[in-house]
Every structure is written in C-alpha cells, then in structure tokens.
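Tertiary structure, described
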Amino acid sequence: MKELVIISGKGGTGKTCLTASFGYLAENKVMADCDVDAADLHIILEPRVLEKEEFWGGVKASIDQFKCVKCGLCAEVCRFDAITDSLTVDPISCEGCSVCFHVCPENAIKMDEVLNGHWFKCESRFGPMIHAALLPGEENSGKLVALVRNQAKTLAKELGKSLILVDGAPGVGCPVISSISGANNVLVITEPSLSGLHDMQRAINLVQGFNIPTVAVINKYDINETVSSQIEAWLGENKVNLIGKIPYDTSVIKSMVQRKAVVESNQGPANEAIRNIWERLSRDVLNLEA
Amino acid sequence: MKIAVASGKGGTGKTTVATSLAASLGRRAQILDCDVEEPNCHILMSPEIESSEAITLSTPLVDMSKCNLCGKCGEVCNFSAILTIGKTTLTFPEMCHGCGGCMLLCPEKAISETPRELGAVETGSFEDVEFVQGRIRIGEAMAPPLIKAVKNRLNPNKIAILDAPPGASCPVINTVKGSDFVIMVTEPTPFGLHDLRIAVEAIEPLGIPMGVVLNRSDIGDHEVQTYCGEARLPLMLQIPFDRQIAEGYSRGKMLIQTNPDYVEKFIGLFEDVSRFVRKRSETKQEPQS
C-alpha cells in the first residue's frame, strides 16, 4: 500500500484542488483529509457519512471552588498563565499538563477530558474517504491527523485498496509533521511568488528531514515565469523532481464554485496539465499498476 | 489598539491586507507576523532586522546519579516526554510541552531543565513601521509559545497589526486573543466561505468583534456576501482581482506599492475598525473575562 501526502507550506496554492483531481483520476484508493482545522476536500467530494466518531484528545483543569482555599499554588506553578487572578481556569490557555492537579494541597482540582473534534468515515463520489473536523479553536490537531491517517490505512486494508491520497494542512508545524511522518511520498505544490518559493523551501526542508521522496508541482506557473524559473532552479539544486507545471486557468475557480474537481469537465489547460502530472506520478513515482 | 488579521483558509490575502494596512498607517503602526510556521510579511516589506533572539522551551534533563527509577516523572507527564524503562529514565524532548511537572514533582530532585530551541523572534523596521516576526525552527511542532514570544514584543503605544496563521485551531486563537478587532480576509469561493465560517466560530467565544475583507471579490460566487449579511459581519472592504496586483505580489510587492490608490482605502478601513471598537467599548454589551 502506498501513501501520498500533498502539502504546500503556503496556503491557497491548490492542494485541495489537486488532491480532488487525483481522487477523480486514481483508482483503487482511499482519500484522507488531514487539514483537520479547515478541511475542504469534502466540499468537492460531497461524501455520505457512514460513521461519525468523537475525538477526545486531551484534558483541561477545573477548580472546585468549595474545596479551594485560595492558596494560589496552582497559579504559581502554571507555566501557561491559565489560572486567573480569581483562581479559576482559563480553558483557552490551559495546556492540559495536570501540574496544578498534582500540586493542589486540597485536591480541589480535577482534570476533565475534552472533546476536541470528530472524525468521519464516508463514501464519496470518488470512493471511500476519511475526514475530520477539529472543533473550532481546539488543540491536538496533530493527534487527530494521526488518527485520520490510521483510520484511512485500516479502511484501505479492509477494502484491499493500494493507495491512500492525503490532503495535508498548510504550514510546517504540528499537523503537517503529523501528516507526513512515515508516508511513502510527498508532493509539494507551490505558486510562483516569492512567498510561495519561501514557504515551499521550508516545507521541502521539513520533508527532507524525514527522508521522504518528494516531488514538486508549480501551480499557475505563468503568473510570473521569472519566479517560476527561480523555483525550478532551487528544486534542481536540491534534487527535487519537478513533476509538472499547471498554467493559470480561470476554469479552476469555476469548477470549485460548481463543487467539481478540475479534471471532471475534461476541458482546459489546467485539466490537461493535471492529467499529465497524474500519469507521470502514478507510473514513475508511485509505480501503480496501470 | 490591537487588530488581528485572520482568515481560516490559507492564501486568501491575510498578509496582503496586514502589510498594506500597517504601511498605510506608517509610523503609527507596528506589524507582528504571528504566522510563525510560514512568516511572509518580511517578503513584502523587506524590513531591516535589527535583532534576533532565540526562543526556547525548558525540557527535562535527568541526573541519573540522583534518579532512583521510581517512575514518578513518567506517571505525571501527560505528553509522553519522559519515561523510566529498566535501569534508566529516557526523555523525548520533541514531545515536551515545557510544563515543568516532572522537575517539580520528582521526589529526588533529580531533574533540571535544558532548553530546546523553538525558533527565533526578529525585530526591526520597515520605513517607520515597527516590525516583529516569529520563525519556527523546521521540524519543531509547537507554535503557540513562539506566538506568545512575538506578542510579548507588542508596543502598546502603536496600532498593532497581528498577521495570524491560517486555520481555526490553537495557533489562531493564541494570536487573536486580546485583540480589539479581527479582520477576516477571505475569497468568494466555497472553500473561502467554509473556512471563514469555521474561523468565525472559533473566534466568536472570545467576544472580539470581527469584520470581513473580501479579496479577489469578483472571481467566484456571492455566497460570502450572503453569509456576512446573515451573520451580521460587516463587509469592510472589497478588493477586485487585478492581475497587476497578483504579479506585484509574486515579485514581493505590497498591494499599496502596486496600486497606491489603496492607501486611502486602508486608512478608511482602519477608521472603520476604530469607530467599531470605540462604539463597542462605549456600549459594553458583553462583559469580557
């Protein structure tokens, strides 16, 4: 079984549009959306939820005001400024470390488990899919990402699927680290802007730290061909295979507004470029059987 | 006055709005790039960086000559960052959240602390605008303490513009917490709308007023406008798609450099925001903790 993760560093460079298109073109696969704090793949795939499960990822402190003798020790030891001046817990700042719980001489503090989000096992237009939704503002996105990937793997094994397509999160932090660790291949999609270049460099440095084979795609490459060549040069120096370039094409937005993958209409230059990328990727990189 | 710029969806124009807003305000403004995973304000502003400070987190260091292998540290750690196995106590510094629990609760006082580098905070200036940014070390997962370090450099005498990371989870909350107003930047597409909703839901419990800037306002559909009406979110500025702006951005130019007409619009945006904040503090509808 192969697992391909699509990330970008910079947000809005086309991760989800590309993943959805691959989802349309690939056979025998499971899809997983690991952008758990702003998942968008389901907007295109319109999945039917088969199972909805809760995700309890951590704990938070609460103080029993009847037992509390206002000694203030909890506030003294808390490194996250989560104990207010009136000795109550600010749930937003509470990291769930339990240090206050351990030091309270009156046993007035308890740690409550927190519902951080939900995950969903679905059937979609493009086949089986796992996605998740962190509750707005919540923590533990890395844990939820790991859970989504594990569930996708289990499902793929059950159904005898040979590929997992993973839509990643922007950035290079907790959820991204969690979505690439142990994956077979990573695809980094960027755009020809100095920000796109900068963020791609950081994302690829991260992936290379994990020794995962990486390929790159430049989206909207003709918006600025000078920066595109700069990106190509950097990829060459860093031995990253540029597997394709997608031209700027207004039909990409049109298909998104219609909640369709770019390649579904089978029209336009972006569609053609993505199909070529998928052909090379599945044949030469993922070595999938035709 | 503290104004955070957030979005939900990435790539909608947060940094474009934050940098142009700060630059339009000139010497009255300070910009703080809190998108520590992928800070981009510096690309558009090319600031002069005057100082850089490493930000660290305290992680455990076990003195095995004092450790009696009781295993208390592993019991109290909620992050699987320390564990007694056989004849030794192992630490996993990458897992550590720096709570100090193991050190505090070790009965033998065998644990001291050693710093793990999270990244750096850099300060400097772009013309008259004070500039602060955080930059996470590649491979480091914990953004919130670094965001906190950026915010510690907030200048109360300036109009602070905080550029938030995308998404709607803890790094965003850590950034916008304590702000007087949040400008949500989005685009008129199903993705833009969906992620805007999630971000609004995440920020609402903080009781901070929000408004929307619609970028590339003519590329998609009208659902964001409809939503703003229903949710009573003021639509404060619309920026139509302009290939020149996109090209300028790709070369690292701010919106107001490509099109100086926008200076007035951004000053207008700031005035609308301050009116909103003033009105709110006068009426004080909801007491905030």
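Throughout this description, residue numbers start from 1 for each chain and increase along the sequence as written. Each chain takes a letter, starting from A, and each ligand takes a number, starting from 1, following the order in which they are written. In keeping with the model being predicted, local features are shown solely for residues with a pLDDT of at least 70 and side-chain atom pairs are shown and tallied solely at 80 or more, while totals for entire chains, interfaces and linings include all residues.

For the rest of this paragraph, the subject is the overall build of chain B. The secondary structure content of chain B amounts to 11 helices and 11 strands. Along the first, second and third principal axes, the C-alpha set of chain B runs to 70 × 40 × 35 Å. In chain B, which comprises 289 residues, the proportion classed as buried is 51%. Taking as baseline every contact in chain B between residues at least 6 positions apart, the subset at least 24 positions apart corresponds to 73%. In DSSP terms, a helix is any run of H or I states spanning at least four residues, a strand is any run of E spanning at least two, and both are numbered starting from the N terminus. Around each residue's C-beta, the other C-beta atoms within 10 Å are counted; 20 or more make the residue buried, 12 or fewer make it exposed, and counts in between make it partly exposed. All C-beta atoms are placed from the backbone. Working definition of a contact: two residues with C-beta atoms, positioned from the backbone, lying within 7 Å.

This part takes up the packing of helix α7 (residues 194–209) of chain A against helix α8 (residues 225–237) of chain A. Residue and element names in this part refer to chain A. Axes, fitted as lines to C-alpha atoms, cover a helix only where it is in contact. Angles between the N-to-C directions of the axes lie from 0 to 180 degrees. Contact geometry for α7 and α8: axes closest at 10 Å, N-to-C directions at 15 degrees. If you check the angle between α7 and α8, you find them roughly parallel. Taken as a pair, α7 and α8 cross one another with a handedness that is right-handed. Residues Leu 194, Leu 197, Met 200 and Gln 201 of α7 touch α8, and the partners they reach there are Val 227, Gln 230, Ile 231 and Trp 234. Relative orientations are named as follows: roughly parallel for angles under 35 degrees, roughly antiparallel for angles over 145 degrees, roughly perpendicular for angles from 65 to 115 degrees, and oblique for any other angle. Definitions for this section: a left-handed crossing has its near helix turned counterclockwise from the far helix by less than a right angle. A right-handed crossing has that turn clockwise.

Before going further, it helps to examine the interface of chain B and chain A. Facing the 49 residues of chain B at the interface are 50 residues of chain A. Put simply, the parts of the chain that give the side of chain B that touches chain A at least two residues each are α4 (101–105), α6 (170–176), α7 (190–203) and α9 (243–250) of chain B. By residue number, the principal contributor to the side of chain B that touches chain A is α7 of chain B, which donates 7 residues. Three classes are used: nonpolar for Ala, Val, Leu, Ile, Met, Phe, Trp, Tyr, Cys and Pro, charged for Asp, Glu, Lys and Arg, and polar for all others, with Gly counted as polar. Tallied by class, residues from the side of chain B that touches chain A come to 22 nonpolar, 18 polar and 9 charged.

A separate point is the environment of Leu 154 of chain B. Residue and element names in this part refer to chain B. Residue position: Leu 154 is located in the loop between α5 (144–151) and β8 (159–163). Among the residues examined, Leu 154 registers 15 C-beta atoms within 10 Å and is labelled partly exposed. Measuring from C-alpha to C-alpha, the distance between Leu 154 and Ile 43 comes to 21 Å, with 111 residues separating the pair along the chain.

The subject of this paragraph is the sheet that holds strand β2 (residues 29–33) of chain A. Residues and elements named next belong to chain A. A pair of strands is treated as paired once DSSP finds two or more bridges between them. In spatial order, the strands read β3-β4-β5-β2-β6-β1-β7-β8-β9; together these 9 strands make up an open sheet with mixed pairing. Two strands lie at the open edges of the sheet, namely β3 (48–63) and β9 (241–246), each paired on one side alone. Each strand of the sheet is rotated relative to its neighbour by a mean of 20 degrees, with strand direction disregarded. Looking at chain direction, strand β8 (residues 214–219) and β9 are connected through 5 bridges and run parallel.

Turning next to the sheet that holds strand β7 (residues 129–136) of chain B. All names here are of chain B. Taken together, the 9 strands give an open sheet; going across it, the order is β3-β6-β7-β2-β8-β1-β9-β10-β11, and neighbouring strands pair in mixed fashion. Only two strands of the sheet have a single neighbouring strand rather than two, namely β3 (48–62) and β11 (235–239). Sheet twist, expressed as the average angle between the axes of neighbouring strands with direction ignored, equals 20 degrees. When β3 meets strand β6 (residues 111–126), the two strands line up antiparallel, connected through 14 bridges. Across the sheet, Glu 48 pairs through a bridge with Ser 125, a residue of β6.

All names here are of chain B. The span expected for a helix works out to 1.5 Å for each residue beyond the first. For helix α11 (residues 262–283), spanning 22 residues, the distance from its first C-alpha to its last is 32 Å, which sits close to the expected 32 Å at 1.5 Å a residue. All of the buried residues in α11 are Tyr 262, Phe 266, Leu 269, Phe 270 and Val 273. One face of α11 carries all of its buried residues, which in axial projection span an arc of 95 degrees. Pointing more than 90 degrees away from the buried face of α11 are the exposed residues Glu 264, Glu 271, Arg 275, Arg 278, Lys 279, Glu 282 and Thr 283. On its buried face, α11 is in contact with β1 (2–6), α1 (14–25), β9 (181–186), β10 (210–215), β11 and α10 (255–258). As used here, the arc is the angular range of directions from the helix axis to the C-beta atoms.

Glancing now at the domain arrangement of chain B. One frequent convention defines the size of an interface as the accessible area lost when the parts assemble. What fixes the domain bounds is an automatic or database domain assignment. Domain boundaries assigned for chain B yield domain 1 (2–55 + 123–282) and domain 2 (64–109). Between the C-alpha centres of domain 1 of chain B and domain 2 of chain B there is a distance of 40 Å.

Annotation of chain A at the domain level lists domain 1 (2–47 + 125–285) and domain 2 (58–115). A separation of 41 Å is found between the C-alpha centroids of domain 1 of chain A and domain 2 of chain A.

Moving on, we come to the nonpolar core. Definition of nonpolar core: a set of buried Ala, Val, Leu, Ile, Met, Phe, Trp, Tyr and Cys residues joined via C-beta atoms within 7 Å. Counting 153 residues, the largest nonpolar core has Ala 132 and Val 148 of chain A together with Val 5, Ile 161, Met 184 and Ala 199 of chain B as the members making the most contacts within it. With 8 residues, α7 of chain B is the single largest residue contributor to this core. When residues no more than four places from it in sequence are discounted, the contact partners of Ala 199 of chain B are Ala 6, Ser 7, Gly 8, Ala 168, Val 172 and Met 184 of chain B. By size, the runner-up hydrophobic cluster in this structure holds 16 residues, among which are Ala 61, Ala 82, Cys 104 and Ala 108 of chain A.

Here we come to the pairing of strand β5 (residues 88–91) of chain B. Residue and element names in this part refer to chain B. Bridging between strand β4 (residues 82–85) and β5 involves 4 bridges; their strand directions are antiparallel. For Thr 84, the partnering residue across the bridge sits in β5 and is Thr 89. The hairpin turn running from β4 into β5, its antiparallel successor, is 2 residues long, and Gly 86 in that turn takes a positive phi close to 55 degrees.

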